[in-house]
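# Close look at the chain arrangement
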Amino acid sequence: MEKTYKIKIWGIVQGVGFRPFVYRLAKSLNLRGWILNSTGSVHILIQGEEEKIKKFLDDLIKEAPPLSKIEKIEKEEINTTEKFIDFSIIESKESAGFNFISPDIAICDDCLKEMRDPKDRRFNYPFINCTNCGPRYTIIEDLPYDRDKTTMKIFKMCEKCKEEYSNPESRRFHAQPISCYDCGPTLWIDGEKDSNIFEKIGKYLEEGKILAIKGLGGFHLACDATNNKAVKSLRERKKRPSKPFALMMKDMDMIKRYCYVNEDEEKILLSKERPIVLLKIKDLRDISKYTAPNNKYLGVMLPYTPYHHLIFDYFPKPLIMTSGNISDEPIIKDNDHAKEKLKNIADVFIFHNRNIAHRVDDSVVFVENKELNIIRRARGYAPDPIKIPIKIKPTLALGGELKNTFSLGKDNYVFMSPHIGDLKDKDTLSVYEETIQEFIRLFRIEPEILVHDLHPQYLSTDFAEKFKKYMVVKAIQHHKAHFFSLLLDRKITDNIICFSFDGTGYGEDGNIWGGEVFIGNLEEVKRIAHFKYFPIAGGDYAIENPRLIALSYITKYFPSEVENIFPHVAPFEKEIIKRLIEKNENIFYTSSCGRIFDMVSALLKIREHIDYEGQSAIELEMHAMESKEEGHFPFKIIEGEKIEIDIYPTIERILEERKRKNVKDIAKKFHNTISQIIVFISEILREEYKINKVGLSGGVFQNRLLLKTAIPLLRDKGFEVFTHKNVPTNDGGISLGQIILGKENSIK
Ligand SMILES: [Zn+2]
Ligand SMILES: [Zn+2]
Ligand SMILES: [Zn+2]
């Protein structure tokens, strides 16, 4: 019996070889009809014997292309007298609904093999790609995903490419960025005409020059990582004194010479996302000490575009590959802008003429306890949707102030922007506003609800104010957003105890929160415990100067120790802090766990001033990693309306031990103490509320040593432990949590 069905498929089904796959499948089963791309879905009309249609549908799910992700299939039988004689791919059409966009994909093995084949017409072609790899999000100007809606539209396909593009048997059938030497983009060194630019690039790197190289989602600044002078001067020119630089290495062999790599890390390094993976240093060998000062990890990635591979042909050494920007400004994506902005940093510019529609930084991840932790979610991951276990109205969540991302969601999907950066920077703010507009346009989601952080001084709060006339605007407390971010990320629908240990966020009582314990679920959340508030004098200045945090605490609680601990500090500095603490002026009270790490780091003289966010806690962790100390310090739990965790006894013991013990052991004992606090509080709450799930969310949990000590302890006590998986635990993840206020009848 002949039947005809109309089939609609939603998910990542565009730009991943889905239509050619369906075409080949239908042909192999002698079925007829058509397939087309629509907004956010593909539509299929299939006609033929019922048995075969059944097999078609089975295979469609079982054998779908590796990069596709089917979210939903709808099938409907239709009555028609129309007889199709063949199966074809027909023109795309627009329709209502929302879109899915594939992230960019690293060059695949097939393309790499072709590129290395001297007999292939794309031998050493820097822009080789196919249906399974290459640029996506970064070249898409609009949807449906067709070449004339990408930045490839200016390149007219040559006859040979056109042939491959239209041949269902080809690996490049309907590969939108298809190109070759005759018809595609070109790469050049600014101001130079050279036949072998890669040889020239190798020579410049060898000479210690700093190169601005246009990549997939923006410019990189590159130099020879083994050249001290070059790395040092890159630091000076980029105004980045000590924040670690990322490296690109030729292959796994090269990486293993410098770093320890376990099986999970290797898999992620080689994955189609190709993120920067933080790897423990085995031996720095010839790599410059300026690459990652005071750090035990290197951020390393493998080449992910064809031309990255070609660069290593003439320069087989580790490369510094850091974002092309000054300090923390947005990554630069356009040739002219790069030349203007980076003229005082780069000696040489490598340009290409495939425009970048959307900028995207490299992603940064690490593996701990065999689990992937994303520190920066960008290239390769964004804008893959995050499926959530609740339904929301069209909602835009504006994110936090640092490490900003925003999220746009509808129904049970959330599209999180790639990492945007620090909104205090005015260029970043304009990129933020521009990317929000682009997301609304591309994903066809008109927000009805706008969610921002409770902080009255955040720029995103200002931004939200402007929209009050047009839509519902809601605010959510920062650490509650961390809580919901974890629940949505891990699809946790029942009760959980959640530790939101973080830097700082504006609290509902006007104090600065950051060491919070919540219990709740997707319906309600309750703050149940927190670190006891302590005063910090000096306002925002103290955040950059952890010494002031320590000085404030000691002045307040151990006044007789001030002279002892801070003999090197000018008397007027001590006097000012003393006066502010006494008069309770220019002081904020905080429960921030991140600030406690800062304080301990300063008390141990590990770091008194920082030049990048998180530096003092990172260096404290690095010291602790060298100790085998297993003990912990005392702490006090005050039970009241809310449980308060008082670290007075901890600090008291640190002050005492610093006189006789080495700082590494004290640093380690402090980490153990925070782990013990987590376990202790979890046990109290399990007893009282009968909850066995424990969640960890917030910037403090980027600390790998803490994860390594706390998680096994919790598991030993029988707890089920949850950390983030798809979004960062730091403020890059909070926009996902904020989206909860888009829920119908949503909680506060
Ligand atoms: Zn490929
Ligand atoms: Zn061509
Ligand atoms: Zn936070």
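The preceding data block contains the structure.
Residues numbered from 1 in each chain as written. Chains lettered and ligands numbered in written order. Predicted model: local features only at pLDDT ≥ 70, side-chain atom pairs only at ≥ 80, totals over all residues. Heavy atoms only, no water.

### Some points on the coordination of the zinc ion (ligand 1)
Heads up, the rule is: Only nitrogen, oxygen and sulfur atoms count as donors, using a 2.8 Å cut-off from the metal that widens to 3.2 Å for Na, K and Ca. Water is left out, so coordination shells may look unfilled. Exposure is judged per residue with a 1.4 Å probe applied to protein chains only, and the accessible area is read against the type maximum: over 50% gives exposed, under 20% gives buried, and values in between give partly exposed.
The coordination sphere of the zinc ion (ligand 1) contains the protein donors Cys108 (SG), Cys111 (SG), Cys130 (SG) and Cys133 (SG), at a distance range of 2.3 Å. Between the donor residues of the zinc ion (ligand 1), the gaps in sequence give the motif C-x2-C-x18-C-x2-C. Here cysteine 130 falls in the buried class, since its relative accessible area comes to 2%.

### A word on the coordination of the zinc ion (ligand 3)
We apply this condition: Square planar and octahedral assignments, for four and six donors respectively, both demand that opposite donors be over 155 degrees apart and that all other angles lie between 65 and 115; tetrahedral needs four donors with all angles between 85 and 135 degrees, and anything else is irregular. Note on conventions: DSSP H or I runs of at least 4 residues are helices, E runs of at least 2 residues are strands, and numbering of each starts at the N terminus.
Taken together, the protein donors to the zinc ion (ligand 3) comprise His478 (NE2), His482 (NE2), Asp502 (OD) and Asp731 (OD), at separations of 2.0 to 2.2 Å. In this structure, the zinc ion (ligand 3) is surrounded by 4 donor atoms whose angles at the metal cover 92 to 152 degrees, and the resulting shape is irregular. Binding-site remark: the zinc ion (ligand 3) is held by donors from one chain whose sequence spacing is H-x3-H-x19-D-x228-D. Here histidine 482 is found in helix α13 (residues 478-489), whereas its partner aspartate 731 is found in the loop between β28 (720-722) and α23 (734-738), with 249 residues between them in sequence. Classification of histidine 482 as buried rests on a relative accessible area of 1%. Its relative accessible area of 11% is what places aspartate 731 among the buried residues.

### Considering the packing of aromatic side chains
Heads up, the rule is: Think of it this way: a Phe, Tyr or Trp ring, Trp meaning its six-membered ring, pairs with another when their centres are within 6.5 Å, and the plane angle makes it stacked under 30 degrees, edge-to-face over 60, tilted otherwise.
For the coordinates displayed, the defined rule picks out 29 aromatic pairs. Ring geometry for phenylalanine 127 versus tyrosine 307: centroids 5.5 Å apart, planes at 55 degrees, classification tilted. Pair noted here: phenylalanine 127 is in the loop between α3 (109-115) and α4 (159-166) and tyrosine 307 is in helix α9 (residues 306-313), with a separation of 180 residues, a long-range link. In terms of burial, phenylalanine 127 and tyrosine 307 fall into one category: buried. Considering the side-chain rings of phenylalanine 463 and phenylalanine 467, the 5.1 Å spacing of their centres and the 45 degrees angle between planes classify their relative orientation as tilted. Ring pairs connect the aromatic residues Phe100, Tyr137, Phe406, Tyr413, Phe415, Tyr432, Phe439, Phe443, Phe463 and Phe467, which therefore count as one cluster.

### Details of the layout of surface pockets
Selection criterion: Throughout, the protein atoms alone are placed on a 1 Å grid, and a set of points is a cavity if a 1.4 Å probe fits but cannot get out or a pocket if it is open with protein on both sides within 12 Å along at least five of seven lines; lining residues have an atom within 4 Å of a point. Grid points are joined across faces, edges and corners, and a volume is the space filled by probe spheres set on the points. When residue character is reported, Ala, Val, Leu, Ile, Met, Phe, Trp, Tyr, Cys and Pro are called nonpolar, Asp, Glu, Lys and Arg charged, and the others, Gly included, polar.
Of the voids in this model, the second largest pocket is the one considered here, and its volume is about 420 Å³. For the lining of the second largest pocket, the secondary-structure elements that each account for two or more residues are β4 (69-77), β15 (371-376) and β16 (385-397). With 3 residues, β16 is the largest single contributor of residues to the lining of the second largest pocket. A class-by-class count of the residues in the lining of the second largest pocket yields 7 nonpolar, 3 polar and 8 charged.

### A closer look at a positive patch on the surface
Which entries qualify depends on this criterion: Here the term patch refers to residues with relative accessible area over 30% and no salt bridge, with like charges joined within 9 Å and nonpolar side chains (Val, Leu, Ile, Met, Phe, Trp, Tyr) within 5 Å. Each accessible area is a Shrake-Rupley result for a 1.4 Å probe, and residues are judged covered by the shown protein chains and nothing else. Between Lys or Arg on one side and Asp or Glu on the other, a salt bridge is scored when a side-chain nitrogen of the former is within 4 Å of a carboxyl oxygen of the latter. Counted charges follow a simple rule, with Lys and Arg positive, Asp and Glu negative, and His plus the chain ends left uncounted. By convention, charge coordinates are those of NZ in Lys, CZ in Arg, CG in Asp, or CD in Glu.
Taken together, the side chains of Lys6, Lys8, Lys72 and Lys391 make up a positively charged region of the molecular surface. Its location among the elements puts lysine 8 in strand β1 (residues 2-12). Given a relative accessible area of 31%, lysine 8 falls into the partly exposed group.

### Observations regarding the sheet that holds strand β2 (residues 32-38)
Rule in force here: Only strands that DSSP links by at least two bridges are regarded as paired with each other. Axis geometry follows a simple rule: fit a line to the C-alpha atoms, using only the stretch in contact for helices, then measure angles between N-to-C directions, giving values from 0 to 180 degrees. We call two residues in contact whenever any of their non-hydrogen atoms come within 4.5 Å of each other.
What the 5 strands build is an open sheet, ordered β4-β1-β3-β2-β5; its pairing is mixed. Looking at strand neighbours, the two that pair on one side only are β4 and β5 (87-89), the edges of this open sheet. Each strand axis lies, on average, 15 degrees off the axis of its neighbour in the sheet, ignoring direction. Summarising the sheet, β2 and strand β3 (residues 41-49) pair through 7 bridges and their orientation is antiparallel. Bridged to arginine 32 within β3 is glutamine 47. Contacts from helix α1 (residues 18-28) reach β1, β2, β3, β4 and β5 within the one sheet, and its direction differs from that of β5 by about 170 degrees. Along the sheet, helix α2 (residues 50-62) contacts β1, β3 and β4; its crossing angle with β3, the most-contacted strand, is approximately 150 degrees.

### Regarding the nonpolar core
Here is the rule we go by: To qualify as a nonpolar core, a set must consist of buried Ala, Val, Leu, Ile, Met, Phe, Trp, Tyr and Cys residues joined through side-chain atoms within 4.5 Å.
Core analysis: the largest hydrophobic core is formed by 169 residues, its most contacted members being Ile46, Phe56, Phe499, Phe501, Ile554, Ile651 and Ile674. Ranked by residues supplied to this core, first place goes to helix α21 (residues 663-689) with 10 residues. If sequence neighbours within four positions are ignored, isoleucine 674 has contacts with Phe501, Phe531, Cys593, Phe597 and Leu706. Residues Phe219, Ile320, Ile345 and Tyr381 belong to the second largest nonpolar core, which totals 41 residues.

### Some thoughts on helix α20 (residues 648-657)
Taken together, the buried positions of α20 are occupied by Pro649, Thr650, Ile651, Ile654, Leu655 and Glu657. On its buried face, α20 sits against α15 (546-557), α16 (562-565), α18 (593-603), β25 (636-638), β26 (643-646) and α21.

### As for the side chain of lysine 668
Heads up, the condition is: In protein, a polar contact requires one atom able to donate a hydrogen and another able to accept it; more generally it is a pair of N or O atoms within 3.5 Å, and residues adjacent in sequence count only if both atoms are side-chain atoms.
Along the chain, lysine 668 turns up in helix α21. One buried charged side chain, lysine 668, makes no salt bridge at all; its nearest oppositely charged neighbour is glutamate 630, positioned 6.4 Å away. Among the polar contacts listed, one links the side chain of lysine 668 to the backbone oxygen of glutamate 629, at a separation of 3.0 Å.

### Focus: the sheet that holds strand β19 (residues 472-476)
Pairing is mixed in the open sheet, where 4 strands are placed in the order β17-β16-β18-β19. The open sheet has two edge strands with one neighbour each: β17 (407-416) and β19. The mean angle between the axes of side-by-side strands here comes to 60 degrees, regardless of whether they run parallel or antiparallel. Of the pairings in the sheet, the one linking β16 to β17 comprises 7 bridges and is antiparallel in character. Directly across from lysine 387, in β17, lies its bridge partner tyrosine 413.

### Here's the deal with the pattern of salt bridges
One pass over the structure, following the stated rule, counts 63 salt bridges. Taking the shortest distance from any N to any O, the salt bridge between arginine 444 and aspartate 142 comes out at 3.4 Å. Of this pair, arginine 444 sits in the loop between α11 (426-443) and β18 (449-453) while aspartate 142 sits in the loop between α3 and α4, placing them 302 residues apart in sequence. Judged by relative accessible area, arginine 444 falls into the partly exposed class, the value being 23%. A residue is classified by how much of its surface remains accessible, and aspartate 142, at 22% relative accessible area, is partly exposed.

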